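Each chain, written out:
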Amino acid sequence: MEYDELIRGFGNFGNYQRRLYIVLFLPVIFNSFSSPVTNFLVGLQRHRCRIPGLDNDTYKIQNENHQQLINRTIPRNLDGDYEECLVVSNASSEKCNDWVYDTSMFQSTVNSQFNLVCDRKLMGSHAVMAYFIGTVVSTIVFVPLGDIVGRRYMVCISTTLTFLANIAMPFSTNIYMFAVCRFFDGFCGNCLYMAAFIIAMEFVGPKNRILAGTCILLVYCLGEFLLLLLGFLIRDWKWLQLTLAVPMAIPLLYWWPKVLPESPRWLVSRKRYTEALAILRNVAKANHVEFNKDLSDIKIGKDEGILKILKDLLKSRKLLLRSIIMFSNWFVISFIYYGLTLNMGKLAGNLYINFAIGVTVEALGYSLCFLMNKTGRKPMHLVVMFGSGFGCLLSILPTLFFDSSLTWLLVAFAMVGKFGISAAFGEIYIYTGELFPTVVRSFVLGFCGIGARLGATISPYVYHFADGTFGEALPLIVFGGSTIIVATMSIKLPETRGRKLLESVKDAQHEEDLEIDRYDNDNVCSEDLSDCSESSPL
């Protein structure tokens, strides 16, 4: 008997599964804070050099005498604004090493506390990048341990370490300590999200996995809305981070097995049948179904050696080309998603309004995944990718042809890009898994997952090029161009809706002849859900 057949017998999404999802929503919500919180922690504050000898200098003009003193001391740039990094001394301009900051948006940020401006401006992006380096390292090193120590222990360990990293962050004494905390937040938070996602998906039948997986993404958006509310109410980065960190102690209750059970699928794969049986009986009791099965005959896919996997993959030029195309897709989708998410404050308009609109269109984009079984995988993928690309490229119009009163158009086009790329974020892992045979699927999804982490890692830097003729539109032009390139590459991909999963490399050579799967609601996840869940781009 297949494991999925066993789960179907309990009901695809019964009372037990619903309770489990409520328990696991907390780590998903907390994980949703981790990357977009940089909009508020490392938010942009206008600044200028402090007037030498004036201890009570402020960015806000205090009176007419203060205004005159600023005019004599701080030179202006070509746009007529005060220089941010120069001060007049002995009738000449020179760089300063002390600044005052505008507190109208934020009372305090990491940038203002550690003076990450002018020559130290890039340090802010380094600190943001540290988070994504943590996710890359955990994807390669730590996440695979879930197959060794179990899903539940990975959630518990990651929960504990994530709490410690976040509670220590507001007490950072320098930018290096902050960056180290961000690294461990990314490292542990990524493991926490992935392990929780796997447990959630391994308790759900194939018919409901697209629904269940998409609901997790929507809960992620709910967490982002909560972050927006707290970020609006708390304008000091230390107090905001502390407020976000304290509730992260709640999932420490997961160490109690009755709160969070181990995945029966993992227990069966390790031949720990007694423990799996006890959990499945609890599932049956909660779902009001009869259960009297022998678990020793449950079939669980075996992991092949890495050398055999690579050998199988290298046999097929078709699969090699397909791997390159999907790696490029994952890289670009993650690059653009995080490039837009982390830089809402650098778009024209108000940060909080932009963030609210961005999360709303992200949720709408995820909701498109419910239509995958009607539209097909390839048509949806091409539509959302081309739509996102052209939306970003159109941002050049308000920059070149309209005045500043129409900068809202730039934000609107950016949100079109965010909508498309969010939909791509939701559908890409299912489509990818259906494109490859079982013998190489885990390897390819892991390979693509690393591509996604690399794309996210370089995303904080793209807005450093937002100057010159194209200004704020330049990053969006980069986003749009790269998306259209990979979307064009994706035209060569086949449709996979309803088709039985590829089992061997040989199947890929005549995949158009494969019969329709009667469980076509969720092809890839019905075969090996750990493949699809471990590689979510988030």
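Predicted model, so just to flag it, every value in this text is computed and none were measured.

Turning next to the overall build of the protein chain. Scanning the protein chain from terminus to terminus reveals 25 helices and four strands. Taken over 538 residues, the protein chain has a buried fraction of 55%. Within the protein chain, contacts between residues at least 6 apart in sequence are counted, and of these 80% link residues at least 24 apart. Accessible area for the protein chain stands at about 22900 Å²; split by element, carbon and sulfur atoms hold 62% of it.

Among the nonpolar cores identified, the biggest contains 123 residues, and F40, L41, V110, F178 and M326 are the most heavily contacted of them. Excluding anything up to four places from it in sequence, V110 contacts L41, V42, N115, L116, I175, F178 and W237. If you look at the next biggest cluster of nonpolar residues, it comprises nine residues, including C49, I51, I70 and V87.

Attention now goes to the side chain of K418. Position of K418 relative to the elements: it lies in helix 20 (residues 408-435). K418 gets classed as buried once you look at its relative accessible area, which sits at 2%. Of note is the side chain of K418, whose polar atom sits 3.4 Å from the side chain of E362.

Another point: the pairing of strand 3 (residues 92-95). Taken together, the four bridges between strand 2 (residues 86-89) and strand 3 define a ladder with antiparallel strand orientation. Paired with V87 across the two strands is E94, which belongs to strand 3. The turn joining strand 2 and strand 3, which pair antiparallel and follow one another in sequence, is formed by two residues; a positive phi near 55° is taken by N90.

Here we come to a nonpolar patch on the surface. A grouping of L145, I148, V149, Y153, I157, L161, L164 and W255 is seen on the molecular surface, where their side chains present a nonpolar patch of about 670 Å² in accessible area. Every element with two or more residues in the nonpolar patch is listed here: helix 7 (146-149) and helix 8 (151-168). For the nonpolar patch, the leading source of residues is helix 8, giving four residues. Here Y153 is to be found in helix 8. Y153 sits in the partly exposed class, given a relative accessible area of 40%.

So, on to the state of the cysteines. Counted according to the given criterion, the structure contains two disulfides. Here C49 engages in a disulfide with C96; their sulfurs sit 1.9 Å apart. Taking the sign of the S-S torsion, about -75° here, the bridge from C49 to C96 comes out left-handed. Pair noted here: C49 is in strand 1 (residues 47-49) and C96 is in the loop between strand 3 and strand 4 (99-101), with a separation of 47 residues, a long-range link. With a sulfur-sulfur separation of 1.9 Å, C85 is cross-linked through a disulfide to C118. Taking the sign of the S-S torsion, -100° for the link of C85 and C118, the bridge is left-handed. Here C118 lies in the loop between helix 5 (110-114) and helix 6 (121-142) and C85 lies in the loop between helix 4 (64-73) and strand 2, a separation of 33 residues in the sequence.

So, about the packing of helix 2 (residues 15-34) against helix 13 (residues 273-287). Relative orientation of the contacting elements helix 2 and helix 13 amounts to 110°, with a least axis distance of 7 Å. When the axis of helix 2 is compared with that of helix 13, the two are roughly perpendicular. Each of N15, Y16, Q17 and R19 in helix 2 lies in contact with helix 13, whose residues at this interface are I279, N282, V283, A286 and N287. Per-class residue counts for the contact of helix 2 with helix 13 are four nonpolar, four polar and one charged.

Let's shift gears to helix 4. Residues of helix 4 that are buried: H66, I70 and T73. One side of helix 4 holds all its buried residues, which, seen down the axis, span an arc of 75°. Among the exposed residues of helix 4, those oriented more than 90 degrees off its buried face are E64, N65 and R72. Structurally, helix 4 contributes buried residues whose contacts are with strand 1 and strand 2. Residue N63 occupies the N-cap position of helix 4, its side-chain oxygen lying 3.1 Å from the main-chain nitrogen of N65.

Let's shift gears to the packing of aromatic side chains. Tallied over the full model, the rule gives 18 aromatic pairs. Pairing Y21 with F25 gives two aromatic rings, centres 6.1 Å apart and planes at 85°, and the pair type is edge-to-face. Here the residue Y21 and the residue F25 both occupy positions in helix 2, the gap between them amounting to four residues, near one helical turn. Measuring from ring centre to ring centre gives 6.3 Å for Y338 and F425, while their planes differ by 85°; the resulting arrangement is edge-to-face. Remark: F425 occurs in helix 20 and Y338 occurs in helix 15 (residues 317-341); sequence separation between them is 87 residues. In this pair, the class of Y338 matches that of F425, namely buried. Joined through ring pairs, the aromatic side chains of Y131, F132, Y337, Y338 and F425 make up one cluster. Over the ring of Y82 we find R76, and its NZ or CZ is 4.2 Å from the ring centre. The ring of F232 carries R235 above its face, with NZ or CZ at 4.9 Å from the centroid.

Right, let's talk about helix 2 for a bit. Taking 1.5 Å of rise per residue, the 20 residues of helix 2 would be expected to cover 28 Å, and the 30 Å separating its terminal C-alpha atoms lies within 8% of that figure. Along its length, helix 2 shows its largest kink, about 30°, at L24, and proline P27 lies within four residues downstream of that point.

Take the environment of C181 next. Along the polypeptide, C181 turns up in helix 9 (residues 175-202). Taking the C-alpha atoms as reference points, C181 and M169, separated by twelve residues in sequence, lie 5.7 Å from one another. Excluding residues that lie within four positions of it along the chain, C181 makes contacts with A165, A168, M169 and S172.

Let's shift gears to the side chain of T109. Positionally, T109 belongs in the loop between strand 4 and helix 5. You can call T109 buried: its relative accessible area is 0%. Once residues within four sequence positions are removed from consideration, T109 is found in contact with F40, L41, G43, Q45 and W237.

A few words now on unusual backbone geometry. Positive phi, normally seen in glycine, also occurs at N115, with a value near 55°. Inspection of the secondary structure assignment puts N115 in the loop between helix 5 and helix 6. Despite not being glycine, C118 has its phi angle at roughly 55°, a positive value.

Glancing now at the environment of F40. Examined against the element boundaries, F40 turns out to sit in helix 3 (residues 38-41). Taking the C-alpha atoms as reference, F40 lies 9.2 Å from L351; in sequence the two are 311 residues apart. Excluding residues within four positions of it along the chain, F40 makes contact with F106, T109, L227, L228, G231, L240, L351, Y352 and F355.

What counts, and at which threshold
- Residues numbered from 1 in each chain as written.
- Predicted model: local features only at pLDDT ≥ 70, side-chain atom pairs only at ≥ 80, totals over all residues.
- Heavy atoms only, no water.
- Helix = DSSP H or I, 4+ residues; strand = E, 2+ residues; numbered from the N terminus.
- Buried < 20%, exposed > 50% of the residue type's maximum accessible area, 1.4 Å probe, protein only.
- Contact = heavy atoms within 4.5 Å.
- Areas by Shrake-Rupley, 256 points an atom, 1.4 Å probe, with all protein chains shown as cover.
- Core = buried A, V, L, I, M, F, W, Y, C linked by side-chain atoms within 4.5 Å.
- Polar contact = N/O pair within 3.5 Å; in protein donor to acceptor, adjacent residues only side chain to side chain.
- Pairing = 2+ DSSP bridges.
- Patch = residues over 30% accessible without salt bridge, like charges linked within 9 Å, V, L, I, M, F, W, Y side chains within 5 Å.
- Salt bridge = Lys/Arg side-chain N within 4 Å of Asp/Glu carboxyl O.
- Disulfide = S-S within 2.5 Å.
- Axes fitted to C-alpha atoms, helices over the stretch in contact; angles between N-to-C directions.
- Parallel < 35°, antiparallel > 145°, perpendicular 65-115°, else oblique.
- Nonpolar A, V, L, I, M, F, W, Y, C, P; charged D, E, K, R; others polar.
- Arc of directions from axis to C-beta.
- Phe/Tyr/Trp six-rings, centres within 6.5 Å; stacked < 30°, edge-to-face > 60°.
- Lys NZ or Arg CZ within 6 Å of the ring centre and 35° of its normal.
- Expected span 1.5 Å × (residues − 1).
- Bend = angle between axes of the 7 residues up to and from the residue.

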